[in-house]
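Listed below, chain by chain, are the residues.
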Amino acid sequence: MTTIARADDEAIARAARILREGGLVAFPTETVYGLGADASSARATAKIYAAKGRPSFNPLIAHVCDLSAALREAKLPPAALKLAKIFWPGPLTLVAPAADRCCVCDLARAGLETIAIRVPAHPVAAALLRAFGGPIVAPSANLSGHVSPVTAEHVAADLSGKVDMILDGGRTPAGLESTIVSFAEEPPRMLRPGAIARADIEAALGRELAGLSGAEAQIVAPGMTASHYAPRARLRLEARALEPGEAGLDFAGLLSGGAQDSRFILDLSPRGDLIEAAANLFSHLRAFDARGVERVAVAPVPQDGLGEAINDRLRRAASPRE
Ligand code: TXA
Ligand code: MG
């Protein structure tokens, strides 16, 4: 049985109890909803993979309540520490060697010597971490291969009956997963573009991050297969106009034929704002599926700022299914 509860103090206390007992709780972060379990418990972690129907045990992100908790789990080199101090709490995940007394179980780390860690900013996530008192591992709270959820209803659509509780904290503000930067190698590398733009991280570091733009980005984070972010509808990218039978995913009004347009067109951001576009991306993709749309023409989205992450998710959503 899955309980869906408004995320008040009482519900958060109940959620922390469920985690302590080895159960699964879906909760909002500032990026997308996470499917959380006690990071120290391999049994609890295994339930995450079962609930998501993951084909393999991808490593998970450990969520902690503050920097000192992070330093108990990860050996952050000075440059990583610098980013942590600037961007935490917030949508930045750091990959670094695991600390000797790291309590995150091997299963959650997929047997790696490294750990992916972040301090979420969302008040519900922060309160849950404080109430639970230890690291919570959480992938996005969707079935494997589906679009990441940005509302409690999205989570319920995928995972109802498979998780013990869903904490409803409304729509997640960023709508896009965290940016992942790895300090397991030199120079540091962006493994996944996300809610913090590459340029902001590079400015904070005072240097460029290694590699990764465009198609290369699809293979680096383990488990990030090309078709990971997949709606049922087929997407045609870089479209300038709709072909017969297509719906449209627009950006800044390029595809729309004006106010009387009767075709089904959703605009990521009519005013061309990339932050707004990121926040709308996954719910718009789900809206096409909800309407039974089969083919979607997608307008070009600029590559600057959050555009890098948006285009990454669009390419994955458009790539051939495994
Ligand atoms: O915004 C987010 O990051 C959300 C919220 C819930 O925090 N979480 C999320 O988790 O997107 P997930 O499991 O969907 O993606 C985690 C990514 C995966 O691509 C995984 O391969 C990578 O992090 N990852 C985890 N541990 C890693 C490690 N030690 N080295 C490299 N990549 C790692
Ligand atoms: Mg995911």
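Structure report, in brief.

Let us now look at the overall build of the protein. Across its full length, the protein holds nine helices and 14 strands. A compact globule built from 322 residues should have a C-alpha radius of gyration of about 20 Å, and the protein, at 19 Å, falls within 12% of that. For the protein, the C-alpha atoms occupy an extent of roughly 60 × 50 × 35 Å along the three principal directions. For the protein, restricting intrachain contacts to residue pairs at least 6 apart in sequence, the fraction spanning at least 24 positions comes to 67%. Only carbon and sulfur atoms are counted for the fraction: they give 53% of the accessible area of the protein, which is about 13100 Å². Taking the 35 positively charged and 36 negatively charged side chains of the protein as two groups, their mean positions are separated by 3 Å.

Another aspect to go through is the sheet that holds strand β12 (residues 247-250). Overall, parallel pairing links the four strands, which are arranged β11-β14-β12-β13 in an open sheet. Unpaired on one side and paired on the other, β11 (234-236) and β13 (265-267) mark the two borders of the sheet. For this sheet, the mean inter-axis angle between neighbouring strands, taken without regard to orientation, is 25 degrees. With three bridges joining them, β11 and strand β14 (residues 295-298) adopt parallel strand pairing. Along β14, the bridge assignment pairs R236 with A297.

Before going further, it helps to examine the packing of helix α8 (residues 274-290) against helix α9 (residues 307-318). Where α8 contacts α9, the axes come no closer than 9 Å and their chain directions differ by 25 degrees. Taken as axis vectors, α8 and α9 run roughly parallel relative to one another. Considering only the axes of α8 and α9, their crossing is left-handed. Contacts between α8 and α9 involve L274, A277, A278, L281 and F282 from the first element and G307, I310, R313 and L314 from the second.

Another point: the sheet that holds strand β7 (residues 136-137). Strands sit in the order β1-β8-β2-β3-β7-β4-β6-β5-β9-β10 across an open sheet of ten strands; the sheet is mixed. Looking at strand neighbours, the two that pair on one side only are β1 (3-6) and β10 (189-192), the edges of this open sheet. Pairing between strand β5 (residues 92-97) and strand β9 (residues 179-182): four bridges, direction parallel. Note on β9: the bridge partner recorded for V95 is S182. Where helix α2 (residues 42-52) meets the sheet, it contacts β3 (33-38) and β7, and its direction lies at approximately 145 degrees from that of β3. Against the sheet, helix α5 (residues 123-132) engages β2 (25-28), β3, β4 (61-63), β7 and β8 (165-168), with an angle of about 135 degrees to β2.

This part takes up α9. In this model α9 runs 16 Å from its N-terminal to its C-terminal C-alpha over twelve residues, within 8% of the 16 Å that 1.5 Å per residue would give. Those residues of α9 that fall on the buried side of the exposure criterion are G307, E308, A309, I310, N311, D312, R313, L314, R316 and A317. Looking at the buried positions of α9, the neighbouring elements they touch are β10, α7 (198-205), β11, β12, α8 and β14.

Thresholds, definitions, all that
Residues numbered from 1 in each chain as written. Chains lettered and ligands numbered in written order. Predicted model: local features only at pLDDT ≥ 70, side-chain atom pairs only at ≥ 80, totals over all residues. Heavy atoms only, no water. Helix = DSSP H or I, 4+ residues; strand = E, 2+ residues; numbered from the N terminus. Rg over C-alpha atoms; globule rule 2.2 N^0.38 Å. Contact = heavy atoms within 4.5 Å. Areas by Shrake-Rupley, 256 points an atom, 1.4 Å probe, with all protein chains shown as cover. Lys, Arg positive; Asp, Glu negative; His and termini not counted. Charge placed at Lys NZ, Arg CZ, Asp CG, Glu CD. Pairing = 2+ DSSP bridges. Axes fitted to C-alpha atoms, helices over the stretch in contact; angles between N-to-C directions. Parallel < 35°, antiparallel > 145°, perpendicular 65-115°, else oblique. Left-handed = near helix turned anticlockwise from the far one by under 90°. Expected span 1.5 Å × (residues − 1). Buried < 20%, exposed > 50% of the residue type's maximum accessible area, 1.4 Å probe, protein only.

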